[in-house]
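For reference, the chains in residue letters:
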Amino acid sequence: MQRLVLTSNNVQLPGREELCPAVIEVECTSGKIIHVRPGKTDETEYYDRDTVEVLDLGDLVVLPGLVDAHVHLNEPGHTDWEGFNTGTRAAVAGGFTTVVDMPIDSVPPTTTTSNLGLKRQAATGQCWSDVAFWGGVIPHNQHDLLPLVSAGVKGFKCFLIESGAEEFPHVTSTDVKVAMEYLEPTSSVLLFHAELDCNSVGASEYTTPDPRAYDTFLRSRPDSLEFSAIDLIISLNRQYPSLRTHIAHLSSATALPLIKHAKSSGLPLTVETCFHYLCLTASSVPAGHTEFKCMPPIRSSENRERLWTALMDGTIDFIVSDHSPCLASMKCLDTGDMMKAWGGISGLGLGLSLLWTEGRKRGVTFSRIVKWLSTNPAIHAGLSNKGVIEVGKDADFVVFDPHSELTVTADALQFKNIFSPYEGMVLKGRVDKAILRGQVVWDRYREGDGFQPTPLGKLL
């Protein structure tokens, strides 16, 4: 087919608060949107069916393909944790047609151009979604940063606290200044794991050091770690005000006043939070259930509501999965030891249903969801062809049934190591199709596993 025509009564077009009927035409060779027309008419009946495929989606919701800007795919080096094949399958089955891979948890990490080349080589031919890459800032790799920019990384991630990976050491404020000096003349962005250990009290110093109790772990990663880190990040950004900076996976609401003030002063600071911080609370974590452990941690219900408020008022810019998988043995599922277990949540591909489940309770519209899950993360990662249904953009779409329910079972999860804090939840809304550059790459009702025969994802 030369062209694909999608039509639905419920399409989220840019500049519109509400869903509306629309017809979208796609040129299949280029994979680009060539025409968008509000209103659904019978004109679709007059297309030449020898050259045009018409996909009438009725009342299903059509959104631009989603972008998850914070995913750990772990390849090369840790393909028993995850990999490009399984990770991107999970992404597209959840409507995420583009993911951006983190530089840590692969061996080697993405801290040099040669390491980036190894990662691209490993990814080639395996990706069901499009994949872009973040680079990493570690001590003394400042001379690798500009070559990595030239090689196409979308920005850089660093840790202000121990990362848990020997090959990806954390940086000091001096290291950060050196990196910022190199990066400030570019259009790149510097991402921070924003926890800073200022001699906080360890869990063993509390009166209830039960390693299976979630509160033991939570007390070991207090709000003060995030507050101190974000205070430092803002201070450094003021010294290099032309460089975009970004706070990854914001968990603690205590830092929101700092962020608001920094943004209002004109600093180019953006912030993401995660589905688990918006959907889960500390009080709901059962003892010994290490699948809930992540860093920074899931906090109180009051903290969660403050994050929702910040998301709604624009203080927080978008939402990511921070999909950070590992082996079951590393998660200490048998012992339930929160203090020894790997810190990371597995949930790639569940984000849209999670957000719709919680968001609809708070009056969230699909226009906001598109902003948080597509438009803003695409802008953040410099993906100019993604994030909006508009002529000239990539023809990436997610088709969503907002009225169906999705029960999260092990069989429904597509990533490699099947354990997740969301397992057993009944979510509102379900992805029916994912379309990448005009090709239906996943269809719930397609015979077999729903995927098309071969992966079509590109490395961006």
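Visitor: Any chance you could explain the pattern of salt bridges here in plain terms?
Guide: A side chain of one charge can pair with a side chain of the opposite charge when the charged atoms of the two come close. Scanning the entire structure with this criterion turns up 22 salt bridges. Where R304 meets E305, a salt bridge forms, and the shortest distance between an N and an O atom there is 3.4 Å. Its relative accessible area of 15% is what places R304 among the buried residues. Salt-bridge contacts for D394 lead to K386; the nearest nitrogen and oxygen are separated by 2.8 Å.

Visitor: Which parts of the structure should I look at to understand the sheet that holds strand β14 (residues 318–320)?
Guide: Sheets are built from strands that pair by backbone hydrogen bonding, the pairs being arranged parallel or antiparallel. Strand order in the open sheet made by the six strands is β9-β10-β11-β12-β13-β14, with parallel pairing throughout. Of all strands in the sheet, those with a lone pairing partner are β9 (135–136) and β14, marking the two edges. Sheet strands touched by helix α6 (residues 223–239): β11 (189–193), β12 (244–247) and β13 (269–274). Its angle to β12, the strand with the most contacts, is close to 175 degrees. In the packing of helix α7 (residues 256–264) onto the sheet, the strands contacted are β12 and β13, and the crossing angle to β13 comes to about 145 degrees.

Visitor: Help me understand the side chain of H323, please; the structure alone is not making it clear to me.
Guide: Tracing the backbone through its elements, the reader meets H323 in the loop between β14 and α10 (351–359). Within the structure, H323 has its side chain in polar contact with the backbone nitrogen of G347 (distance 3.2 Å). Beyond its immediate chain neighbours, meaning those up to four positions away, H323 contacts H70, V71, H72, E82, I345, S346, G347, L348 and F415.

Visitor: How do you make sense of the environment of K40 when you look at a structure like this?
Guide: Within the element layout of this structure, K40 appears in the loop between β3 (32–38) and β4 (52–56). Along the chain, K40 and T7 lie 33 residues apart, while their C-alpha atoms are 6.7 Å from each other. Apart from the residues within four sequence positions on either side, K40 is in contact with T7, S8, N9, P21, A22, V23, D56 and G58.

Parameters at a glance
Within each chain, residues carry numbers counting from 1 in the order of the written sequence. Where local features are concerned, this predicted model is filtered to residues with pLDDT of at least 70; where side-chain atom pairs are given and counted, the filter is 80 or more; whole-chain, interface and lining totals use all residues. Each side-chain value is worked out from all heavy atoms of the structure, with water and hydrogens disregarded. What makes a salt bridge here is a side-chain nitrogen of Lys or Arg within 4 Å of a carboxyl oxygen of Asp or Glu, nothing more. A 1.4 Å probe rolled over the protein chains alone gives each residue an accessible area, and that area as a share of the maximum for its type sets the label: buried under 20%, exposed over 50%, partly exposed in between. One bridge is not enough; two strands pair if DSSP finds at least two bridges between them. Numbering of helices and strands runs from the N terminus, with a helix taken as a DSSP run of H or I at least four residues long and a strand as a DSSP run of E at least two residues long. Here a residue-residue contact requires only that any non-hydrogen atoms of the pair lie within 4.5 Å. As a rule, the C-alpha atoms of each element are fitted with a line to give its axis, helices using only the stretch in contact, and angles between N-to-C directions run from 0 to 180 degrees. Side-chain atoms alone can form a polar contact between residues adjacent in sequence; in general such a contact is a pair of N or O atoms within 3.5 Å, and within protein one must be able to donate a hydrogen while the other accepts it.

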